[in-house]
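Structural characterization, general
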Amino acid sequence: MKKILTLCLFALTALTASAQKFALLDMDYILKNIPAYERANEQLNQVSKKWQAEVEAINTEASTMYKNYQNEVVFLSQEQKKAKQEDIMKKEKEASDLKKKYFGPEGELFKKRESLITPIQDEIYNVVKEISDLRGYSLVLDRASDSGIIFGSPKIDISNEVLQKLGYSATN
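As the structure is a prediction and not an experimental result, all values here were calculated from the model.

Moving on, we come to the overall build of the protein. Within the protein one finds 6 helices and 3 strands. When the helices and strands of the protein are listed from N to C terminus, the series reads α-β-α-α-α-α-β-β-α. Relative to its 172 residues, the protein shows a buried fraction of 20%. Taking as baseline every contact in the protein between residues at least 6 positions apart, the subset at least 24 positions apart corresponds to 61%. Carbon together with sulfur atoms contributes 56% to the accessible area of the protein, which is approximately 13400 Å² in total.

For the rest of this paragraph, the subject is the packing of helix α3 (residues 35–72) against helix α4 (residues 78–103). Contact pair α3 / α4: the axes reach a minimum separation of 9 Å and the direction vectors enclose 165°. Of the possible angle classes, the one that applies to α3 and α4 is roughly antiparallel. Crossing geometry of α3 relative to α4 is assigned as left-handed. Looking at the contact of α3 with α4 residue by residue, the classes come out as 12 nonpolar, 4 polar and 10 charged.

When two helices pack together, their arrangement is given by the angle between their axes and by how far apart the axes lie. In contact at an axis separation of 10 Å, α3 and helix α5 (residues 108–135) are set at 175° when each is read in the N-to-C sense. Compared by their axis directions, α3 and α5 come out roughly antiparallel. Contacts between α3 and α5 involve Ala36, Tyr37, Ala40, Asn41, Gln43, Leu44, Val47, Ser48 and Trp51 on the former and, on the latter, Glu108, Leu109, Lys112, Arg113, Leu116, Ile117 and Ile120. Counted by class, the contact of α3 with α5 contains 10 nonpolar, 3 polar and 3 charged residues.

Here we take up the confidence of the model for the protein. Per-residue pLDDT for the protein averages 81, and the proportion of residues at 70 or more is 73%. Taken element by element, the predicted model of the protein shows its lowest mean pLDDT in helix α1 (residues 2–19) (47) and its highest in α4 (96). Segment residues 1–12 is flagged for pLDDT under 50; beyond a separation of four residues in sequence, or across chains, it makes 0 contacts in the model.

Basis of the calculations
- Residues numbered from 1 in each chain as written.
- Predicted model: local features only at pLDDT ≥ 70, side-chain atom pairs only at ≥ 80, totals over all residues.
- Heavy atoms only, no water.
- Helix = DSSP H or I, 4+ residues; strand = E, 2+ residues; numbered from the N terminus.
- Buried < 20%, exposed > 50% of the residue type's maximum accessible area, 1.4 Å probe, protein only.
- Contact = heavy atoms within 4.5 Å.
- Areas by Shrake-Rupley, 256 points an atom, 1.4 Å probe, with all protein chains shown as cover.
- Axes fitted to C-alpha atoms, helices over the stretch in contact; angles between N-to-C directions.
- Parallel < 35°, antiparallel > 145°, perpendicular 65-115°, else oblique.
- Left-handed = near helix turned anticlockwise from the far one by under 90°.
- Nonpolar A, V, L, I, M, F, W, Y, C, P; charged D, E, K, R; others polar.
- pLDDT = per-residue confidence, 0-100.

Take a look at the structure:
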């Protein structure tokens, strides 16, 4: 009896899966063929190099200050030593803060990337969604990425149901 039940369950699953339509795309290939994306990447690379040079200049300055301090340390009073150490730490902190400002999780590079790349990605998504709706695809997978899913049909999206079962309501 268990074998028959398992076989029926397997057959039902296979029939349900075959009713879904899927598609694949290669996002890397698409992006490489969009000139605006290539220009945006070049712009991001240039600004990143500029900001990295600024950070490195301050780090170099801090390093020079430290080397000078090491050469002079035997001639300095305790107050002078403390003042120089504080100056060096301030300079190192300045470099660290600037690096965080430019390259941190919510830094300037992130914001710049978002402003340049997000509109392109949104446009791609809208086209993929349009094609998916037209051809009845339930799921579109990106074979070039690790995350994989570009579009999932709202018909198979159980997000709201999961939220309700957890005791939350959808905010749409």
